[in-house]
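What the coordinates show
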Amino acid sequence: MERFARLTASVLGASGAVVASVVSLPGGEVRVDIAAGRPSPFPGPRAELSHWLRRIAQDGRLVALDSGTRGAAALADTGYEAFAGVPLYGEGGALLGVLAAFDTGTRSWSAQNVRDLSDLAETCAVELGLRFSEARAHDARRGAQQAQYEAEAASGRAHDGAQALKGRLDRSELMLRAAELLGNTSGLDEVRRTVGDLVSGDLKPAYVGLTLRQDDSALRRAVDSARGPAELEKQLPRYALSDDWPSAQAARENRVVLVPDRQTLVEGYDPQTVAVFDAMGLSTAICVPLPGTRRATLGTLVVAWDEPHEIDVHERAVLTAIAGYTALAVQRAAHLDERVTVARQLQQAMLTDLPEFEGLEIAALYRPAAERDMVGGDWYDAHPLPGDRREGDRRRALAVTVGDITGHDMHAAALMGQARSMLRQADIERADSPAAAVASLEGANELLNTKISGTLVHAHLTPRPHGEWLLTWINAGHPPPLLAHPHEGVEQLEEHWLLMHPGLAPNGGRPQYERVLRPGALLLLYTDGLIEHRGRALDQTLDHAERVLARAADESTALPRLLDLLADTLAGPEHDDDIVLFALRVEDRT
């Protein structure tokens, strides 16, 4: 819950946020208990905050008050200038709590703020529902243990009763594991694998399947990527909700469908279903619907055995509970997958299509972090600068940037897009100086209060006679560029200044530096994801990068191959951070 409070405050740019749980009281009243909040302690009177949380819980609707025209009078004497909250609903429409943001400064909530708060609330509600389910599973486990202790203390006569109690305890432990493990999943692949491991370990079925609704008319079979698809999943990966399958019937009618034997299939379903059942050697199956919040069902949990298996009421209850935990995990995973996918696509879309420049070879590489839910602010850019009209395109210069906005979330990616656009505009207006362009970016950052912070290298390359290029650059707290000269080694361009941060912009502007790049020179810009890794010294990683770069300069290695080689050998497949690499070589035409 602390994570949701922190994320809400960050996404909305608010002073703080809280997550509160709701307890129903006699007479229709409710009590709200603040479960988490950022910052802590809260600024302003806590009583007024609780008043608005309780009001949202009682009314069951979003409330957005701010220092503009909406609710200004209602916020008087509360210590807050703005407050926005939304109720959290669980399975069956049960009210679980409230997610709210507040601000001590003057502001108005935008329509985008309200949409972001609602999206965060949907995911938070799923998480809160899982926590409540987990608590109930703990209670069931303690009750079963207590019953077992009492039975053993009373007498050792009832062996059958003790076995039954042991069965209850085992089932409670299975439900507890389901709540804990499914509550920590973060993607649909992980949900599918966790469900298979849970059910296979305790109930020992021959097949565990998960079908998910794609829309109002179709189902698709989720495949365990670690084990590969079963025969059923190969033959029919997708089928209609109206098809004559037990799993489709369970999802369609929102009820448990039991197939105790082959004869039931023959009498109630089409021949194709029977053929697949026989091909897999199955004897008994149960299909349990996954309960949804926006629609009746999300799909079906399928469990089948290769010999006759009697499913008693307790086993059925356990599978129903696991299906409920699975449904919550599927909803959360799907929502997070969608948001992360959109953010990744946005981030990729903002990466530049590299221009073609006579006399220069250019290449870039972007690799996201191995943890797919990490979205960051790493970027590269390259674009032509306005040329001297008297000289035509021959005198046009090139602007190059590699930067890293602070943070590893969607907010960082959004700020990266703003920084990239503002710096491009500044380059057009101040094509004579990269330092002046960055100063314009920092001035706009201060004036517009966009709160952009991070590091970057920004450079202008200007053509000179005899195939040379003049490199003029500034470094705002970024890792040093590497410059390789064929058969002369590699140097680190160590000159740098303060990182970008609101309030830290140098009054006299940033210093800029120059180098003449002769034909054959190879320049590498990169972000810290390439060289900073747990358990490895920074100097050691930089030395490795220099050796690879020197060899590439001597052998005229193609730049795309060089960048892949650097990323593969220095970062590897399980890198913790995004990686951006940008390489530029001055062509040698002698």
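Everything here concerns the structure above.
Treat the numbers as computed from the prediction; the structure is a model and nothing was measured.

Here the focus is helix H7 (residues 246-253). In an α-helix, one turn spans 3.6 residues, which is why side chains three or four residues apart end up on the same side. In terms of residue burial, H7 counts as a mostly covered element, since 6 of its 8 residues are buried. All of the buried residues in H7 are Pro246, Ser247, Ala248, Gln249, Ala250 and Ala251. Among the residues trailing H7, Asn254 stands out with phi positive, at a value near 55°.

With that settled, consider the sheet that holds strand E7 (residues 218-222). Taken in spatial order, the 6 strands line up as E8-E7-E6-E11-E10-E9 in an open sheet, and their pairing is antiparallel. Each edge of the open sheet is held by one strand with a lone partner, namely strand E8 (238-240) and strand E9 (257-259). On average, each strand axis in the sheet is inclined to that of its neighbour by 20°, with strand direction left out of account. In terms of strand pairing, E9 meets strand E10 (residues 284-291) through 3 bridges, oriented antiparallel. Bridging from a neighbouring strand, Val259 pairs with Ala285 of E10. Here H7 sits on the sheet and contacts strand E6 (207-213), E7, E8, E9, E10 and strand E11 (297-305); the angle it forms with E11, its principal contact strand, is near 145°.

Now for the pairing of strand E18 (residues 489-492). Pairing between strand E17 (residues 482-485) and E18: 4 bridges, direction antiparallel. Looking across to E18, one finds that Leu483 is bridged to Glu491.

Further remarks concern the packing of aromatic side chains. Summed over the entire model, instances satisfying the criterion amount to 3 aromatic pairs. Directly above the ring of Trp245 sits Arg221, whose terminal nitrogen or CZ lies 5.1 Å from the centroid.

Rules used in this analysis
- Residues numbered from 1 in each chain as written.
- Predicted model: local features only at pLDDT ≥ 70, side-chain atom pairs only at ≥ 80, totals over all residues.
- Heavy atoms only, no water.
- Buried < 20%, exposed > 50% of the residue type's maximum accessible area, 1.4 Å probe, protein only.
- Helix = DSSP H or I, 4+ residues; strand = E, 2+ residues; numbered from the N terminus.
- Pairing = 2+ DSSP bridges.
- Axes fitted to C-alpha atoms, helices over the stretch in contact; angles between N-to-C directions.
- Contact = heavy atoms within 4.5 Å.
- Phe/Tyr/Trp six-rings, centres within 6.5 Å; stacked < 30°, edge-to-face > 60°.
- Lys NZ or Arg CZ within 6 Å of the ring centre and 35° of its normal.

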